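The lines below spell out each chain.
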Amino acid sequence: TFSGGWPSYARPLVEKASLGFGVFFALYIAVVTFAMFRVISALFLKDTLKVASLDVDNTIQEKLAEKEVYTQKLADFFAAADMSGDGSLTLAEFDEILECKHLMAYLATLELDPGKARDLFLLLDKG
């Protein structure tokens, strides 16, 4: 159908036999061409969906890795805030840390509002 040779086969049938053969050839060419385009489109769609599913998996892995990094940074912050070094953080120690500009800037890099840091501590302390 894509070779362009079908008119040379159809013309003698239409001219010598019947116009019905011309209609048959036109319908046949239309159906076969449409089917071939559908198959090619399906193959492209299959490959696109496969790549998209891999992209979702990669996005999930990236988010999990970001969560791990964030958790480690938060743990580092609380370890630095533990002035006594006993492994626990009291409210008094935390209030003392809230006065340190360096650690408040570190909280800001963690995208935590320094004004709500005390609320975060109380939430985690209850938990």
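Every value quoted in this text rests on a predicted model; they were computed, and no experiment measured them. (Residues numbered from 1 in each chain as written. Predicted model: local features only at pLDDT ≥ 70, side-chain atom pairs only at ≥ 80, totals over all residues. Heavy atoms only, no water.)

Draft legend 1. Highlighting the packing of aromatic side chains. In the structure shown here, the tally under the stated rule is 4 aromatic pairs. With 6.2 Å between their ring centres and 20 degrees between their planes, Phe 24 and Tyr 28 make a pair best called stacked. Here the residue Phe 24 and the residue Tyr 28 both occupy positions in helix H2 (residues 19–81), the gap between them amounting to 4 residues, near one helical turn. Judged by its relative accessible area of 49%, Phe 24 falls in the partly exposed class. The partly exposed category is assigned to Tyr 28, whose relative accessible area is 43%. With a centroid separation of 6.3 Å and an interplanar angle of 85 degrees, the aromatic rings of Phe 77 and Phe 94 are classed as edge-to-face. Placement of Phe 77 in helix H2 and of Phe 94 in helix H3 (residues 91–97) is noted, with a sequence separation of 17 residues between them. Overall, the relative accessible area of 1% leaves Phe 94 in the buried class. Taken together, Phe 77, Phe 94, Tyr 106 and Phe 121 form an aromatic cluster joined through their ring pairs. (Phe/Tyr/Trp six-rings, centres within 6.5 Å; stacked < 30°, edge-to-face > 60°. Helix = DSSP H or I, 4+ residues; strand = E, 2+ residues; numbered from the N terminus. Buried < 20%, exposed > 50% of the residue type's maximum accessible area, 1.4 Å probe, protein only.)

Draft legend 2. Summary view of the confidence of the model for the protein. With 95% of its residues at a pLDDT of at least 70, the protein reaches an overall mean of 83. Within the protein, helix H1 (residues 6–17) has the poorest average pLDDT of any element, 76, and H2 the best, 87. (pLDDT = per-residue confidence, 0-100.)

Draft legend 3. Region of interest: helix H4 (residues 101–109). Listed in full, the buried residues belonging to H4 are Leu 103, Met 104 and Leu 107. For H4, the angular spread of buried residues about the axis comes to 105 degrees, placing them on one side. Looking at H4, the residues exposed on the side facing more than 90 degrees away from the buried face are Lys 101, His 102 and Thr 109. Where H4 is buried, its residues contact H2, H3 and helix H5 (117–126). Glu 111 lies just past H4 and shows a positive phi near 60 degrees. (Arc of directions from axis to C-beta. Contact = heavy atoms within 4.5 Å.)

Draft legend 4. Focus on the nonpolar core. Judged by nonpolar contacts, the single largest core of 13 residues is most densely connected at Phe 77, Phe 78, Leu 89, Phe 94, Ile 97, Leu 107 and Phe 121. At the level of secondary structure, the elements contributing two or more residues to this core comprise H2, H3, H4 and H5. Per-element accounting of this core gives the leading share, 4 residues, to H2. Leu 89 has contacts with Phe 78, Ala 81, Asp 82, Phe 94 and Phe 121, leaving out every residue within four places of it along the chain. (Core = buried A, V, L, I, M, F, W, Y, C linked by side-chain atoms within 4.5 Å.)

Draft legend 5. Representation of the pattern of salt bridges. Tallied over the entire structure, the rule returns 2 salt bridges. The partner of Glu 66 in a salt bridge is Lys 63, with the nearest N and O atoms 3.9 Å apart. Of the two residues, Glu 66 and Lys 63 are both situated in helix H2; the distance of 3 residues between them amounts to about one turn of the helix. Given the relative accessible area of 47%, Glu 66 is considered partly exposed. We classify Lys 63 as exposed; its relative accessible area is 53%. Between Arg 118 and Asp 95 there is a salt bridge, with the nearest N and O atoms lying 3.0 Å from each other. In this pair, Arg 118 is assigned in helix H5 and Asp 95 in helix H3, connecting sequence segments 23 residues apart. On the basis of relative accessibility, which here comes to 26%, the residue Asp 95 falls in the partly exposed class. (Salt bridge = Lys/Arg side-chain N within 4 Å of Asp/Glu carboxyl O.)

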